[in-house]
Amino acid sequence: MTRSPRAFRLDDTPPQTGISPAIADDGLHQAIAIADDPPEIDADEEISAPPRIRRSRWATLFFSALGGLLSLALGLWVERLISDLFAASPIIGWIALGLATIGLIALLALIGREILGTLRERKIERLRLTAADAIAVKDHQAARTITAGIADLYDRDNPAAAKRLRALDDSIIDADDRLAIAEKECLAPLDERARRLVANAAKRVSVVTAISPRAIIDIVFVLVTISRLLRQLAQLYGGRPGLFGFLRLFRLAFAHLAVTGGVAMGDSLVHDFLGAGLAARLSTKLGEGVLNGAMTARFGLAAIAVCRPLPFIRLTPPKIREVAGELLAKK
């Protein structure tokens, strides 16, 4: 006696494209499992942890060697220039030597500033990554160390909150609770200011790109705006990035944006918000302004994720509708 075919839903396996046969237990019948539709990109997607960037040792070695070679060439050129000026006139030679000394001091100061800024940014990144690991494994000792690091980071800007964090000592045992208190005391007011910064940047980009006559103006203005926004967010959360630290943050923000599906989110926004009622009343240029503003807001959310010294624990992560709600509101 044969049994009628049955359909099995493969709930425990990831969805696959197309149709895959599943052999029944008696070996005579087959059940067809149809893959689910691919998940849609949610415009209100929460901020996830920034990706870890793998560094190439060969690239680091190459640029280090190239920088050293250029430094030697520049030093040799300055030495020959000063020697020639001394040969022409001792007075001019001494003036050139004084100017070279002043330039060297300024260069050392800039290098020191870059090093300190990079170390501070790496400290913030290390706090964020360590906090995520501590929450995952309930590491109470690591949570105490992270809380102390947060207190040191904001000791100058928010001494009252830093003092309250240090006063916790052993009164809070759970790692999640300890880090949640640090988040509420030090980061809650900063998160609100960060939301306003992102919303204002999105509005500016939307207005300017909607009225600008040239595409090159749009591109330049968007790049300037997101660069300024990234630096403001980094400084807001306690970072002081120099040139190289800023470029590193820029790379991390774009990597995070790519991982969380920023491009697909932009296509979804066009379909959902411009296609449902707005497209009939807005010109193409105004639609481009709305899209540019929404993508600027999405970059701002990614920048918050890489600049914040803690992941979002108990506080609600900012969403695209919160910082670009006026742009995306249906008319």
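See the structure printed just above.
Definitions and limits used
Residues numbered from 1 in each chain as written. Predicted model: local features only at pLDDT ≥ 70, side-chain atom pairs only at ≥ 80, totals over all residues. Heavy atoms only, no water. Phe/Tyr/Trp six-rings, centres within 6.5 Å; stacked < 30°, edge-to-face > 60°. Buried < 20%, exposed > 50% of the residue type's maximum accessible area, 1.4 Å probe, protein only. Helix = DSSP H or I, 4+ residues; strand = E, 2+ residues; numbered from the N terminus. Core = buried A, V, L, I, M, F, W, Y, C linked by side-chain atoms within 4.5 Å. Contact = heavy atoms within 4.5 Å. Axes fitted to C-alpha atoms, helices over the stretch in contact; angles between N-to-C directions. Parallel < 35°, antiparallel > 145°, perpendicular 65-115°, else oblique. Left-handed = near helix turned anticlockwise from the far one by under 90°. Nonpolar A, V, L, I, M, F, W, Y, C, P; charged D, E, K, R; others polar. Expected span 1.5 Å × (residues − 1).

## Notes on the packing of aromatic side chains
In this description, a pair of aromatic rings is defined by centroid distance and the angle of the planes. Considering all chains together, one arrives at six aromatic pairs under this definition. Ring plane angle 80° and centroid distance 5.3 Å describe the contact between F86 and W94, whose orientation is recorded as edge-to-face. Its relative accessible area of 58% is what places W94 among the exposed residues. Seen in terms of ring centroids, F250 and F254 are 5.1 Å apart; in terms of plane orientation they differ by 45°. Their pairing is tilted. Of the two residues, F250 and F254 are both situated in helix 7 (residues 243-259); the distance of four residues between them amounts to about one turn of the helix.

## A look at the nonpolar core
Judged by nonpolar contacts, the single largest core of 52 residues is most densely connected at I150, L233 and Y237. Elements that contribute at least two residues to this core include exactly helix 2 (90-137), helix 3 (140-153), helix 4 (159-168), helix 5 (175-211), helix 6 (215-236), helix 7, helix 9 (284-307) and helix 10 (320-323). By residue number, the principal contributor to this core is helix 5, which donates eleven residues. The residues contacting L233, other than those within four sequence positions of it, are A194, L197, V198, G300, A303, I304 and C307.

## With respect to the packing of helix 4 against helix 5
The interhelical angle for the contact between helix 4 and helix 5, taken along N-to-C directions, is 165°, at an axis separation of 9 Å. Of the possible angle classes, the one that applies to helix 4 and helix 5 is roughly antiparallel. Viewed along their axes, helix 4 and helix 5 form a crossing whose handedness is right-handed. Here A161, R164, L165 and L168 of helix 4 come into contact with helix 5, specifically with R178, I181, A182, E185 and C186. Class assignment of the residues belonging to the contact of helix 4 with helix 5 gives a composition of six nonpolar, no polar and three charged.

## A word on the packing of helix 1 (residues 57-88) against helix 2
Packing of helix 1 against helix 2 leaves a shortest axis separation of 7 Å and a crossing angle of 155°. Taken together, the axes of helix 1 and helix 2 are roughly antiparallel relative to one another. Where helix 1 approaches helix 2, its residues V78, I82, L85 and F86 are matched on the opposing element by P90, I92, G93, W94, A96, L97 and A100. Class assignment of the residues belonging to the contact of helix 1 with helix 2 gives a composition of ten nonpolar, one polar and no charged.

## Remarks on helix 9
Over its 24 residues, helix 9 extends 34 Å from the first C-alpha to the last, a length consistent with the 34 Å expected when each residue adds 1.5 Å. The buried count for helix 9 comes to 17 of 24 residues, which makes it a mostly enclosed element.

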